[in-house]
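So the chains spell out like this:
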Amino acid sequence: MFISYSTKFPYCFRLNLCVRKSVNGLHNVIPLRFFKNGPGLQSFSNPTSQGLPKKKEVFGKKGPISYKTLLVTAGLSGSLLAFMLYVRKEKEAAIQLERNRALGKAAISGKFNLVDHNGVKKSSDDFLGQWLLVYFGFTHCPDICPDEIEKLVKVVDNLDQMKGVPKVQPLFITVDPDRDSIQSVEKYVKEFSPKLIGLTGNKEQIAEACKNFRVYFSAGPRDQDDDYIVDHTIIVYLINPDGEFVDYYGQNKTSENISAGILLNISKFDQSKHSFWK
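Residues numbered from 1 in each chain as written. Predicted model: local features only at pLDDT ≥ 70, side-chain atom pairs only at ≥ 80, totals over all residues. Heavy atoms only, no water.

## A short note on the overall build of the chain
Phase 1 of the analysis: When helices and strands are tallied, the chain shows 9 helices and 9 strands.
Phase 2 of the analysis: A separation threshold of at least 6 residues defines the contact pool for the chain, and within that pool the share at least 24 residues apart is 70%.
Phase 3 of the analysis: Carbon and sulfur atoms make up 59% of the accessible area of the chain, which amounts to about 18,600 Å² in all. (Helix = DSSP H or I, 4+ residues; strand = E, 2+ residues; numbered from the N terminus. Contact = heavy atoms within 4.5 Å. Areas by Shrake-Rupley, 256 points an atom, 1.4 Å probe, with all protein chains shown as cover.)

Structural data, given as structure tokens:
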């Protein structure tokens, strides 16, 4: 018995078959993935399907920035900062060095040509390579000069007991050439310390030395015994191994203050010698 196509295949079945043929035809034109991801066509191609679940996103996947990258960046930044601080420190040391050089050469040269208490000619160049503590005074000074020289000797003795600290040579230069002969100076310095070197000379030599150190001195009026007091600058001068003036210490400074100041200047001097900013 002949059954018509419409009777044999119900309407819904024929509609589904038509849609399948249409989809198969579109696969040749548009990528299949496009339709498989579409929820509408999935319902037609598979009426019982509820659609595939969306693909879950995976967290924790490595991106362009990782912990390793952050560590490398932090390391490079730290190195750069350290280098910049080092350069800044070196530059400041160079500036300070130039200031000291200008001060030492222009204002206080520290030059002298005198005779020591043993009668040997001595100039400032003979002491190059040594740290010097220089004090100007006179042997007839009643109290100030002895106090200052004792303090100077105490500083030198304290520094000599410290390991790694270079020797500091104390010098006494008279401002009274008329009375302070070689013999007078020799007797005077031996009362304080065998380390102390006394220097004297004629009026012109003493005047030149005082001028180079910017030391003021003036002899006062003479009494009936032809005795007098010399008014002078009361300062201890620090000279570095290059023969340059670097610091001074007034009467109000204690031996501890002076020792600390010398150690600081020695440290700065050593740093300047190792600096590439020269």
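## Quick look at helix 6 (residues 144-160)
Phase 1 of the analysis: The end-to-end C-alpha distance of helix 6 is 25 Å, a good match for the 24 Å that 17 residues give at a rise of 1.5 Å each.
Phase 2 of the analysis: Taken together, the buried positions of helix 6 are occupied by Cys145, Pro146, Glu148, Ile149, Lys151, Leu152, Val153, Val155, Val156 and Leu159. (Expected span 1.5 Å × (residues − 1). Buried < 20%, exposed > 50% of the residue type's maximum accessible area, 1.4 Å probe, protein only.)

## Re the nonpolar core
Phase 1 of the analysis: Phe112, Leu133, Val134, Phe136, Phe213, Tyr237 and Ile262 are the most contacted members of the largest nonpolar core, which has 51 residues in total.
Phase 2 of the analysis: The greatest single-element share of this core, amounting to 7 residues, is contributed by helix 6.
Phase 3 of the analysis: Ignoring any residue separated from it by four or fewer positions in sequence, one finds Ile262 in contact with Leu133, Val155, Leu159, Val168, Leu238 and Tyr249. (Core = buried A, V, L, I, M, F, W, Y, C linked by side-chain atoms within 4.5 Å.)

## Digging into the environment of Gly137
Phase 1 of the analysis: Tracing the backbone through its elements, the reader meets Gly137 in strand 3 (residues 131-137).
Phase 2 of the analysis: For Gly137, a relative accessible area of 0% translates into the label buried.
Phase 3 of the analysis: Setting aside residues up to four positions removed in sequence, Gly137 forms contacts with Cys145, Phe172, Ile173, Thr174, Val175, Asp176 and His232.

## Observations concerning the environment of Ile197
Phase 1 of the analysis: With respect to the element layout, Ile197 can be found in strand 5 (residues 197-200).
Phase 2 of the analysis: Between the C-alpha atom of Ile197 and that of Asn118, which follows or precedes it by 79 residues, the distance is 9.1 Å.

## Structural notes on the side chain of Asn240
Phase 1 of the analysis: With respect to the helices, strands and loops of the structure, Asn240 is situated in the loop between strand 8 (235-239) and strand 9 (245-250).
Phase 2 of the analysis: Residue classification places Asn240 among the buried residues on the basis of a relative accessible area of 4%.
Phase 3 of the analysis: Those residues in contact with Asn240 that lie beyond four places of it in its chain are Gln130, Trp131, Val246 and Phe269.

## Thoughts on the confidence of the model for the chain
Phase 1 of the analysis: Scored by pLDDT, the chain comes out at a mean of 80, with 69% of its residues at no less than 70.
Phase 2 of the analysis: Low pLDDT, under 50, characterises residues 1-6; the predicted model gives this stretch 4 contacts beyond four residues in sequence or across chains. (pLDDT = per-residue confidence, 0-100.)

## A closer look at the pattern of salt bridges
Phase 1 of the analysis: Counted by the stated rule, this structure contains 11 salt bridges.
Phase 2 of the analysis: One salt bridge in this structure joins Arg179 and Asp227, with 2.7 Å as the shortest N-O distance. Here the residue Arg179 occupies a position in the loop between strand 4 (168-174) and helix 7 (182-190), and Asp227 occupies one in the loop between strand 6 (217-219) and strand 7 (230-232), the gap between them amounting to 48 residues.
Phase 3 of the analysis: For Arg179, a relative accessible area of 18% translates into the label buried.
Phase 4 of the analysis: A salt bridge links Asp242 to Lys273; the shortest N-O distance between them is 2.9 Å. You can see Asp242 sitting in the loop between strand 8 and strand 9 and its partner Lys273 sitting in helix 9 (residues 255-273), a full 31 residues away along the chain.
Phase 5 of the analysis: A relative accessible area of 37% means that Asp242 is categorised as partly exposed.
Phase 6 of the analysis: Given a relative accessible area of 39%, Lys273 falls into the partly exposed group.
Phase 7 of the analysis: Look at the salt bridges and you will find they share partners, linking Asp157, Asp160, Lys167 and Lys195 into a network. (Salt bridge = Lys/Arg side-chain N within 4 Å of Asp/Glu carboxyl O.)

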